[in-house]
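Residue-level listing of the chains:
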Amino acid sequence: MVQPPEVALALEPSAPVHLSIPALGVESDLLHTGLREDGTLDVPPGDDGSPASWYDGSSTPGSAGPAILLGHVNSLTDASGVFYRLRDLVPGDRVSVTRQDGRTAVFEVYRNESFVKAEFPTQDVYFPVPGSELRLITCDGYVKEARRYDDNRVVFAKLVETV
Amino acid sequence: MTKRLFPKLRILRIDPLRVRPGLGEMPLEASLMNKKILLFSPALALGLVALSAGPAMADHASGSYGTSLDAINNSGASGEVWVEVDGTMATVTLNASGLAETFNGSPYPHVQHIHVGAQGTCPDMSADTNGDGIISTTEGAPFYGGIGTTLSLGDAGKGPETGVDLTVAPSGSTTQYKETFELNQETQDALEAGTAVVVVHGLDPATQPEAGTSSPSDLVPELPLAATSPALCGSLDVMPAGGAATGVTTAETTGGSDMGMLALGGVLAAAAVGGGALLVRRSATAGR
């Protein structure tokens, strides 16, 4: 049986350290965040220049299963958070994550979609897929009058190379 | 809750065996003790309320759970499972591949369960206590526990009673299972406690040591040991609820969470008072 690259290339688990998205000029160290009391994902601080984070209950990037990375779309002081331009990623764009073990996992975007938060497709996004995959999550759907974000944008990517 | 509850009761020198059978029927000669518990431990009072209010807590496992399934007994299989719980209803999606394909010329039936009530882990070869080279279902039980739910097909019962019914099990080397059903209390409790483990059974005897064919199954003695021994195992993890608050908004950053804490504190205080009233009332009734 021929395995797809995201299965065949998968590495042993090792915590992520740094994220690069060349197409967006994003370079960010990765915080480790968990779940809140209410079971939702905790997020990085809202300060200007706040880095992205890895949800520490998800797979480590490059190992089997979906690794979940979170980043703000904006900051307390301006419109640009680390994932401000996530919507611009298109299939084929590459995303790299370096890990504590020195390895780098390179992923290729295959899907970029926005979902209403109230109807977030939990199973679609977090399903324990057999291969090594990445989910980049930020906010979307800003409602100016209410000063809130009604949507989540999710970028789906698969492991294509390990360095 | 019970794990935290009983040690505290022991400290208070109440015989835990007397208290254990459903706190609704607490031994009432101990009513004075109960009042002491109330006075000294609001947290304990909360615990008692939680246990006695069974039906109101029935949907406490609501949420999503998932895990990859890893091969045990060198089955060479792999899989994934997702359990979506809404109230007391569960939708279970289980994909498996690389399982044993045929048994006596027919598609190989693979009974599959959510095991509950033990450590919530999958066994390694150290579980093979009789040293025959195969982890039997029984030998794995100290790790994953007994059957809480049978992941049977269609309308077949979903409790332990259909646990070894091969006629309602998915079959063949690749299975794609999806069923929605009412989840029993034991399984809901295990999901919440993080002790629910999915196990898929049925090994190809050709890939197993001699005992797989020559020894009888520990579950169905008419079958060989390999037929019912575990092939896949995965401990269910809670998945994040919905999306993420990845937009910074003023509402979120101007003390919103402090307000939340205050509100929660108020609810807890009210619950403690309510629990106290309930216990005192019980004690009074029982004293008659």
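Everything numeric in this text was worked out from a predicted model, so none of it was measured. (Residues numbered from 1 in each chain as written. Chains lettered and ligands numbered in written order. Predicted model: local features only at pLDDT ≥ 70, side-chain atom pairs only at ≥ 80, totals over all residues.)

Novice: Give me the overall build of chain A: which residues, what numbers.
Specialist: If you tally the helices and strands in chain A, you get two helices and eight strands. Starting at the N terminus and ending at the C terminus, chain A contains elements arranged as α-β-β-β-β-β-β-α-β-β. Taken over the C-alpha trace, chain A has a radius of gyration of 15 Å; the compact-globule value for 163 residues is 15 Å, and the two agree within 12%. Over its C-alpha atoms, taken along the principal directions, chain A stretches across nearly 55 × 35 × 30 Å. (Helix = DSSP H or I, 4+ residues; strand = E, 2+ residues; numbered from the N terminus. Rg over C-alpha atoms; globule rule 2.2 N^0.38 Å.)

Novice: Provide a residue-level description of helix H5 (residues 137–144) of chain B, including the pertinent values.
Specialist: All names here are of chain B. Three or more residues of H5 are buried, namely Thr137, Gly140, Phe143 and Tyr144. All buried residues of H5 project into a common sector of 95° when viewed along the axis, lining one side. Residues of H5 that are buried make contact with strand S6 (112–116), strand S9 (197–201), helix H8 (225–228) and strand S10 (230–235). Directly after H5, the chain includes glycine 145, whose backbone phi takes a positive value near 85°. (Buried ≥ 20, exposed ≤ 12 C-beta atoms within 10 Å, placed from the backbone. Arc of directions from axis to C-beta. Contact = placed C-beta atoms within 7 Å.)

Novice: Go over the nonpolar core, please, and point to the residues and values.
Specialist: Grouped together as the largest cluster of nonpolar side chains are 83 residues, with contacts concentrated most on A:Leu69, A:Leu70, B:Val83, B:Val197, B:Leu232 and B:Cys233. No other element matches the five residues that strand S8 (residues 148–162) of chain A contributes to this core. Once residues within four sequence positions are removed from consideration, B:Cys233 is found in contact with B:Leu69, B:Asp70, B:Ile72, B:Cys122, B:Tyr144, B:Val197 and B:Val199. (Core = buried A, V, L, I, M, F, W, Y, C linked by C-beta atoms within 7 Å.)

Novice: Got a sec to walk through the interface of chain B and chain A? Specific residues and values, please.
Specialist: Between chain B and chain A, the residue contacts involve 25 residues of the former and 37 residues of the latter. Mapped onto the side of chain B that touches chain A, the elements with two or more residues apiece are strand S1 (63–71), strand S2 (78–86), strand S11 (237–238) and helix H9 (250–253) of chain B. With five residues, S1(B) is the largest single contributor of residues to the side of chain B that touches chain A. Here the side of chain B that touches chain A is built from residues that sort into nine nonpolar, 13 polar and three charged. (Nonpolar A, V, L, I, M, F, W, Y, C, P; charged D, E, K, R; others polar.)

Novice: How would you summarise the pairing of strand S2 (residues 26–33) of chain A if you had to cite specific residues and measurements?
Specialist: Residue and element names in this part refer to chain A. Two elements, strand S1 (residues 16–21) and S2, share four bridges in a ladder whose sense is antiparallel. Paired with leucine 19 across the bridge in S2 is serine 28. Examined bridge by bridge, S2 and strand S3 (residues 52–55) share four bridges and lie parallel to one another. Within S3, the position partnered with histidine 32 by the bridge is tryptophan 54. (Pairing = 2+ DSSP bridges.)

Novice: Run through the pairing of S2(B), naming residues and quoting values.
Specialist: Residue and element names in this part refer to chain B. When S1 meets S2, the two strands line up antiparallel, connected through seven bridges. Counterpart to glycine 63 in the pairing with S2 is valine 85. With antiparallel pairing between neighbouring strands as the criterion, S1 and S2 make up a hairpin whose turn holds six residues, including asparagine 73 at a positive phi of roughly 55°. Between the antiparallel neighbours S2 and strand S3 (residues 89–97) lie two residues, among them glycine 87 with a positive phi of about 65°.

Novice: Can you explain the sheet that holds strand S6 (residues 104–116) of chain A? Please cite residues and give values.
Specialist: Two pairing modes exist for strands in a sheet, parallel and antiparallel, and in both the strands are linked by backbone hydrogen bonds. All names here are of chain A. In space, the eight strands of this closed barrel follow the order S1-S2-S3-S4-S7-S8-S6-S5, with mixed pairing throughout. The mean inter-strand angle of the sheet, taken between neighbouring strand axes irrespective of direction, is 35°. As paired elements, strand S7 (residues 132–143) and S8 share 10 bridges and run antiparallel to each other. Residue pairing for S8: glutamate 133 is matched across the bridge by lysine 158. (Axes fitted to C-alpha atoms, helices over the stretch in contact; angles between N-to-C directions.)

Novice: Could you give an account of the confidence of the model for chain A, with specific residues and numbers?
Specialist: Averaged over chain A, the pLDDT score is 90; the fraction of residues at 70 or greater is 96%. Averaged pLDDT values over the elements of chain A bottom out at 87 in S7(A) and peak at 98 in strand S5 (residues 94–99) of chain A. (pLDDT = per-residue confidence, 0-100.)

Novice: Break down the environment of B:Asp165 for me, with residues and values.
Specialist: Residues and elements named next belong to chain B. Along the polypeptide, aspartate 165 turns up in the loop between strand S7 (146–150) and strand S8 (175–182). Classification of aspartate 165 as partly exposed rests on a count of 15 C-beta atoms within 10 Å. With 29 residues separating them along the chain, aspartate 165 and serine 136 place their C-alpha atoms 17 Å apart. Once residues lying within four places of it in the same chain are set aside, the contact partners of aspartate 165 are Ser152 and Ala156.

Novice: Lay out unusual backbone geometry with the relevant residues and their values.
Specialist: Residues and elements named next belong to chain B. Backbone geometry places asparagine 73, a non-glycine residue, at a positive phi of 55°. Of note, the phi angle at asparagine 104 is positive, near 50°, even though the residue is not glycine. If you trace the backbone, asparagine 104 turns up in the loop between strand S4 (102–103) and strand S5 (106–107).

Novice: Tell me what's going on with helix H6 (residues 185–193) of chain B, and back it up with residues and numbers.
Specialist: All names here are of chain B. The set of residues buried in H6 consists of Thr187, Gln188, Ala190 and Leu191. Buried residues in H6, looked at end-on, bunch into an arc of 165°, giving them a common side. Those residues of H6 hidden inside the fold are in contact with S1, S2, S6 and S7. Directly beyond the C-terminal end of H6, a positive phi value near 75° is found at glycine 194.

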